[in-house]
Amino acid sequence: MGSIPNLPGILSKMIETPRLKMHVLLRGAADGIPVLLIHGNASSSTFWEETMLALPAGFRAIAPDLRGYGDTEDKLVDAIRGCMDWVDDLLSLMDMLGYARFHVAGHSLGGSVVWALLAAAPERIYTATVVAPGSPFGFGGTRDIQGTPCAPDFAGSGGGIVNPEFAKLIAEGYRGTEYQASPRTVMNSFYWKPPFRHPREEALLSGVLSEKIGPDRYPGDLEASPHWPGVAPGRWGPANAISPRYIGDSVERMLAAPVKPPILWVRGAEDQIVSDMSLFNMGTLGKLGVVPGWPGDEVHPPQPMVGQTRYVLEQYKARGGTFREEVIPDTGHSPHMEKPEVFDPLFHAHLKSV
């Protein structure tokens, strides 16, 4: 059993794999068609529960806590491998459960993991769904739709751009709203579009607070940089793992793969976390005057995250794949939670398309 109470119909289970013990939420018959659901940063598997319960008959929902999150065994994320620690963990989990092939959906950072899965093991995936995904080129430190770095050391990405107060309050298990960086305030301000409040707010906040905190966990370590804003990625933890510094050739491998599962891309029109003017991006914050010393658009512009994703998916299509982009109006960073009446039919149709 996990530490967060689950909705009726959701099974909480610890599963030991050759890599680590993973906490997993399950719903549906074991012989159903598997759907792997990957949560985002500062969250956990509980963020998928309503989506799990809404799946059509015949599907088996599998929502693990990633390494570094929730009730999964606390092992370090080696950022030098990019998202590959998570990819290897998930493939090992699906092996243990006996699923050679599966559908996959990822939200936010979970979408970044989906890009890496499409590069590493596309032959195992029936369909892929990315919900407000991180850019395929990584989070922070790039300047154009081709993912060109703003600086040679990828300054402006990694553990150094995380608000340390947010991480500190997670470590303290703080559930109040006294501070601007309080986890509850951040969740209700940015995970969805205010004034939306989720009916399971307390359980979801517990999911946010379950992230493992520390210099080699979250927010991770950093390196001093001579380039604005003065910090470059370190080598440990999830924020460093999604830095463009460690993406390597995963985009090209995804594009070059002979197997290309169909991709559904769903995003909220008013997402403030993943957008071309993300309020979590140093270029945006510099341009708005929030982070001092901004060197200008010529040196460190806001990262065009949505433009980068569309560019990569257009390349995916040009090389034989298919994708569909769905933009949900009046919605923030979590369309599957804010507008399930819109998201679920899109998701279900995609699952049934192959």
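(A) Looking closely at the overall build of the protein. Counting secondary structure elements, the protein contains twelve helices and twelve strands. In summary, the protein has a C-alpha radius of gyration of 19 Å against a globular reference of 20 Å for 354 residues, a match within 12%. Judged by the C-alpha coordinates and their principal axes, the protein covers about 55 × 50 × 40 Å. Out of the 354 residues belonging to the protein, those deemed buried represent 61%.

(B) Here's a closer look at the pattern of salt bridges. Counted by the stated rule, this structure contains 25 salt bridges. Ionic pairing is found between Arg19 and Asp89, a salt bridge with its closest N-O pair at 2.6 Å. Of the two residues, Arg19 sits in the loop between β1 (11-16) and β2 (21-27) while Asp89 sits in helix α2 (residues 84-97), which places them 70 residues apart along the sequence. The buried category is assigned to Asp89, whose relative accessible area is 1%. We note a salt bridge from Glu270 to Lys193, for which the minimum N-O separation is 3.2 Å.

(C) Here's a closer look at the packing of aromatic side chains. The tally for this structure, following the rule as stated, stands at six aromatic pairs. Ring centres 5.6 Å apart and planes at 70° place the aromatic pair Trp192 and Phe196 in the edge-to-face group. Accessibility expressed as a relative area gives 1% for Trp192, which makes it buried. Three or more aromatic residues joined by ring pairs make a cluster, and in this case those are Phe47, Tyr191, Trp192 and Phe196. Above the plane of the ring of Trp236 lies Arg235, whose end atom (NZ or CZ) is 4.3 Å from the centre.

(D) Looking closely at the nonpolar core. Judged by nonpolar contacts, the single largest core of 78 residues is most densely connected at Ile38, Trp86, Val104, Leu118, Phe166, Tyr191 and Ile263. The element that contributes the greatest number of residues to this core is helix α3 (residues 109-120), accounting for eight residues. Not counting the four nearest positions on each side in its chain, Val104 is found in contact with Leu36, Ile38, Val114, Leu117, Ile125, Thr127, Ala128 and Thr129. Val131, Leu264, Ile328 and Phe347 belong to the second largest nonpolar core, which has 19 residues in total.

(E) Broad picture of a nonpolar patch on the surface. Side chains of Met277, Leu279, Leu288 and Val290 sit close together on the surface and give an oily, nonpolar patch of about 350 Å² of accessible area. For Met277, a relative accessible area of 41% gives the class partly exposed.

(F) Structural context of the sheet that holds β1. One open sheet accounts for eight strands, arranged β1-β2-β4-β3-β5-β6-β11-β12; its pairing is mixed. Each end of this open sheet is capped by a strand with a single partner; those strands are β1 and β12 (323-328). Mean inter-strand twist for the sheet, computed between neighbouring axes without regard to direction, equals 20°. Relative to strand β5 (residues 102-107), strand β3 (residues 33-38) runs parallel, the two sharing four bridges. For Leu37, the partnering residue across the bridge sits in β5 and is Ala105. Running over the sheet, α3 touches β3, β5, β6 (125-131) and β11 (263-268) and is turned about 140° from β5. Contacting β3, β4 (59-64), β5, β6, β11 and β12, helix α12 (residues 340-351) runs over the sheet at an angle of about 160° to β6.

(G) Region of the structure containing the pairing of β1. In the sheet, β1 pairs with β2 via six bridges, with the strands oriented antiparallel. Each bridged residue has a counterpart across the sheet, and for Glu16 the counterpart in β2 is Lys21. Following β1, the chain reverses through four residues before pairing antiparallel with β2.

(H) Spatial organisation of the environment of Arg324. Structurally, Arg324 can be placed in strand β12. Each C-alpha atom of the pair Arg324 and Val35 lies 19 Å from the other, and the pair is 289 residues apart in sequence. In this view, Arg324 contacts Ile263, Leu264, Trp265 and Leu346; residues no more than four positions away in its chain are not counted.

(I) Focus on α3. Look at α3: 17 Å from first C-alpha to last across twelve residues, which is about the 16 Å you get at 1.5 Å a residue. Along α3, eleven of the twelve residues are buried, which leaves the element largely enclosed by surrounding structure. Buried within α3 are the following residues: Leu109, Gly110, Gly111, Ser112, Val113, Val114, Trp115, Ala116, Leu117, Leu118 and Ala119.

(J) Quick look at the pairing of β11. Counting buried residues in β11 gives six out of six residues, a clear majority hidden from the surface. Neither face of β11 is left uncovered, since the one carrying Ile263, Trp265 and Arg267 and the one carrying Leu264, Val266 and Gly268 both have all their residues buried. The pairing of β6 with β11 spans four bridges and is parallel. Counterpart to Val131 in the pairing with β11 is Val266. Here β11 pairs with β12 via six bridges, running parallel. Residue Trp265 lies in a different strand from β12, and its bridge partner there is Glu325.

Rules used throughout
- Residues numbered from 1 in each chain as written.
- Predicted model: local features only at pLDDT ≥ 70, side-chain atom pairs only at ≥ 80, totals over all residues.
- Heavy atoms only, no water.
- Helix = DSSP H or I, 4+ residues; strand = E, 2+ residues; numbered from the N terminus.
- Rg over C-alpha atoms; globule rule 2.2 N^0.38 Å.
- Buried < 20%, exposed > 50% of the residue type's maximum accessible area, 1.4 Å probe, protein only.
- Salt bridge = Lys/Arg side-chain N within 4 Å of Asp/Glu carboxyl O.
- Phe/Tyr/Trp six-rings, centres within 6.5 Å; stacked < 30°, edge-to-face > 60°.
- Lys NZ or Arg CZ within 6 Å of the ring centre and 35° of its normal.
- Core = buried A, V, L, I, M, F, W, Y, C linked by side-chain atoms within 4.5 Å.
- Contact = heavy atoms within 4.5 Å.
- Patch = residues over 30% accessible without salt bridge, like charges linked within 9 Å, V, L, I, M, F, W, Y side chains within 5 Å.
- Areas by Shrake-Rupley, 256 points an atom, 1.4 Å probe, with all protein chains shown as cover.
- Pairing = 2+ DSSP bridges.
- Axes fitted to C-alpha atoms, helices over the stretch in contact; angles between N-to-C directions.
- Expected span 1.5 Å × (residues − 1).

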